[in-house]
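A structural walkthrough
Spelled out from the first residue to the last, the chains are:
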Amino acid sequence: MECNIVQHTKRGTLYDVVGTFELDLGSQILHDMDSCNFAYNKDGYTRVVRVTVQTDLPVTGKNNFVLYQAHADGTFWIRPDSEFYSEGRFTIPNPPNLN
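If you're wondering where the values come from, they're calculated on a predicted model, not measured in any experiment. (Residues numbered from 1 in each chain as written. Predicted model: local features only at pLDDT ≥ 70, side-chain atom pairs only at ≥ 80, totals over all residues. Heavy atoms only, no water.)

Along the polypeptide, Gln54 turns up in the loop between strand 4 (45–53) and strand 5 (62–70). In this structure the side chain of Gln54 is engaged in a polar contact, spanning 3.3 Å, whose partner is the side chain of Asp32. When near neighbours in sequence (up to four residues on either side) are disregarded, Gln54 contacts Asp32, Met33, Tyr68, Trp77, Ile78, Arg79, Pro80 and Glu83. (Helix = DSSP H or I, 4+ residues; strand = E, 2+ residues; numbered from the N terminus. Polar contact = N/O pair within 3.5 Å; in protein donor to acceptor, adjacent residues only side chain to side chain. Contact = heavy atoms within 4.5 Å.)

Right under this line is the structure:
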């Protein structure tokens, strides 16, 4: 799924996908709904945002995460890419009917 905007299948909420990033957590363990600061590079600038972790299982070590931002309130989330791209969790929204 290569798209900048995705829709959560169950809730119908829209998100901007910022990108996929590799994180080496070492021995740190991230659990569902943990919050942390996340630094990423975009357009030549380093940005630091507060993110909430979404994960089905605790994660540690080296992982790829998808950083995405809610349209509704601007909240940033990260989820392991293996879960983000799992079948049916997010879909590409239908474009609005302009007729």
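On we go.
Of note, Ile92 is situated in the segment after strand 7 (90–91). Taking relative accessible area as the criterion, Ile92 reaches 48% and is therefore assigned partly exposed. Sequence spacing of Ile92 and Gly12 is 80 residues, and the spatial spacing of their C-alpha atoms is 11 Å. (Buried < 20%, exposed > 50% of the residue type's maximum accessible area, 1.4 Å probe, protein only.)

A separate point is the packing of aromatic side chains. Counted under the stated rule, the structure contains 9 aromatic pairs. With a centroid separation of 5.7 Å and an interplanar angle of 55°, the aromatic rings of Phe21 and Tyr40 are classed as tilted. In this pair, Phe21 is assigned in strand 2 (residues 14–24) and Tyr40 in strand 3 (residues 35–42), connecting sequence segments 19 residues apart. Judged by its relative accessible area of 6%, Tyr40 is buried. Taken together, a centroid distance of 5.5 Å and an interplanar angle of 75° make the contact between Tyr68 and Phe90 edge-to-face. In this pair, Tyr68 is assigned in strand 5 and Phe90 in strand 7, connecting sequence segments 22 residues apart. One exposure class covers both Tyr68 and Phe90, and it is buried. (Phe/Tyr/Trp six-rings, centres within 6.5 Å; stacked < 30°, edge-to-face > 60°.)

This part takes up the pairing of strand 2. Pairing between strand 1 (residues 5–8) and strand 2: 3 bridges, direction antiparallel. Counterpart to Ile5 in the pairing with strand 2 is Asp16. Where strand 1 folds back onto strand 2 in an antiparallel hairpin, the turn is made up of 5 residues, including Gly12, whose phi is positive at roughly 80°. (Pairing = 2+ DSSP bridges.)

A separate point is the sheet that holds strand 4. If you walk across this open sheet you meet the 7 strands as 3-4-6-5-2-1-7, and the pairing is mixed. Strand pairing shows two members of the sheet lacking a second neighbour, strand 3 and strand 7, which therefore form its edges. One ladder, built from 2 bridges, connects strand 1 with strand 7; its direction is antiparallel. Pairing of His8 across the sheet is with Phe90, part of strand 7.

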